[in-house]
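The chain contents come next:
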Amino acid sequence: MMADIPVPAPWGEQRASHADREAVVARLQQAAADGRVDFAELDARLELALSAKTRAELARLTADLWLPGEPDPDRPLILKGGVHGAVRKGRWQVPSRVTAYGGLGGVILDFTQVDREGIYEVEVEAHGQMGGVVIIVPDGWAAQTDDVDPALGGVKNGTAPDPLPGTPLIRLTGNGGMGGVVVRHPKRRERRKLKRAALTAA
């Protein structure tokens, strides 16, 4: 019976959801409105988007589209903890690659309030050093930490092994250093703050 259980597929081979397809359609339509895709190409890409079976098929349709206001997807965000630490939280533009150096003060990467539209996978290179690196992701998001060297500080992954349909995947590399690398969902107090922020925004 165990042989009948499917092995979790790599991110690109995972089945695309309706939400995945709708996000790509919206991005293509915006690109056409900006004049970066002509209408013939838009029709062709929309047809492919609506019939896409996997996330990789969808990702190829927007790989050459950099929307105004977004960070350059080819330029990683680099955070250095230094002595006093570094925090990236709230509503911030997420590039496809992030590099975090814990330094002495540590680094916190908080994805709980980001706009996830158009985000399918984020590569995070984390170096715990002395202060450590903490990554906080919303419920349903997942992280893969197999490629992180635990070193002395270790690596702790409190997320599910695979993301829910329509949610991004955090793919980590790097090393734990002395301070370690932690990936987790929000704690109770953080959840209360997120709830208050959502009520205020409404």
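Residues numbered from 1 in each chain as written. Predicted model: local features only at pLDDT ≥ 70, side-chain atom pairs only at ≥ 80, totals over all residues. Heavy atoms only, no water.

Q: Pulling in residues and values, what's your account of the packing of helix α1 (residues 18-33) against helix α3 (residues 55-62)?
A: As a packed pair, α1 and α3 sit with axes 10 Å apart at the nearest point and diverge in direction by 10 degrees. With respect to α3, the axis of α1 lies roughly parallel. Residue-level inspection shows D20, R21, V24, R27 and L28 of α1 in contact with α3, the latter providing R55, L58, L61 and T62. Residue composition of the contact of α1 with α3, by class: four nonpolar, one polar and four charged. (Axes fitted to C-alpha atoms, helices over the stretch in contact; angles between N-to-C directions. Helix = DSSP H or I, 4+ residues; strand = E, 2+ residues; numbered from the N terminus. Parallel < 35°, antiparallel > 145°, perpendicular 65-115°, else oblique. Contact = heavy atoms within 4.5 Å. Nonpolar A, V, L, I, M, F, W, Y, C, P; charged D, E, K, R; others polar.)

Q: Explain the pattern of salt bridges to me, and be specific about the residues and the numbers.
A: Under the criterion given, the structure shown has seven salt bridges. Here E121 ties to R171 by a salt bridge, and the two come within 2.8 Å at their closest N and O atoms. Taken together, the positions of E121 in strand β5 (residues 121-127) and R171 in strand β9 (residues 169-175) put the pair 50 residues apart, joining distant regions of the chain. The exposure class of E121 is partly exposed, given its relative accessible area of 21%. With relative accessibility at 25%, the residue R171 sits in the partly exposed group. In this structure, R191 engages D139 in a salt bridge whose closest nitrogen and oxygen atoms are separated by 2.8 Å. (Salt bridge = Lys/Arg side-chain N within 4 Å of Asp/Glu carboxyl O. Buried < 20%, exposed > 50% of the residue type's maximum accessible area, 1.4 Å probe, protein only.)

Q: Can you lay out unusual backbone geometry for me, pointing to particular residues and giving the numbers?
A: Phi is positive for Q129, which is not a glycine, with a value near 50 degrees. Positionally, Q129 belongs in the loop between β5 and β6 (133-136). Exposure remark for Q129: the relative accessible area of 35% places this residue in the partly exposed category. At A151, a residue that is not glycine, the phi angle is positive and equals roughly 50 degrees. Of note, A151 is situated in the loop between β7 (142-149) and β8 (155-157).

Q: Requested: an account of the sheet that holds strand β1 (residues 77-80), with residues and values cited.
A: Overall, parallel pairing links the five strands, which are arranged β1-β3-β5-β9-β7 in an open sheet. This sheet does not close on itself; its edge strands, each paired only once, are β1 and β7. Averaged over all pairs of adjacent strands, the angle between their axes in this sheet comes to 15 degrees, without regard to strand direction. The pairing of β7 with β9 spans six bridges and is classified as parallel. The residue of β9 that forms the bridge with V148 is G174. (Pairing = 2+ DSSP bridges.)

Q: Could you give me a rundown of the packing of aromatic side chains, with the residues and numbers involved?
A: For the structure shown, the criterion picks out two aromatic pairs. Ring centres of W92 and F111 lie 5.2 Å apart, and the angle between their planes is 45 degrees; on these two criteria the pair is classed as tilted. One end of the pair, W92, is in the loop between β2 (86-88) and β3 (97-101); the other, F111, is in the loop between β4 (107-110) and β5, with 19 residues separating them in the sequence. Taking relative accessible area as the criterion, W92 reaches 8% and is therefore assigned buried. With 5.8 Å between their ring centres and 45 degrees between their planes, F111 and W141 make a pair best called tilted. (Phe/Tyr/Trp six-rings, centres within 6.5 Å; stacked < 30°, edge-to-face > 60°.)

Q: Describe the environment of T167, naming the residues involved and giving the relevant values.
A: Position of T167 among the secondary structure elements: in the loop between β8 and β9. Residues T167 and D20, 147 residues apart in the sequence, show an inter-C-alpha distance of 8.3 Å. What T167 contacts, discounting residues up to four positions off in sequence, is R55, R116, G140 and W141. Engagement of the side chain of T167 in a polar contact is seen with the backbone oxygen of G140, the distance being 3.2 Å. (Polar contact = N/O pair within 3.5 Å; in protein donor to acceptor, adjacent residues only side chain to side chain.)

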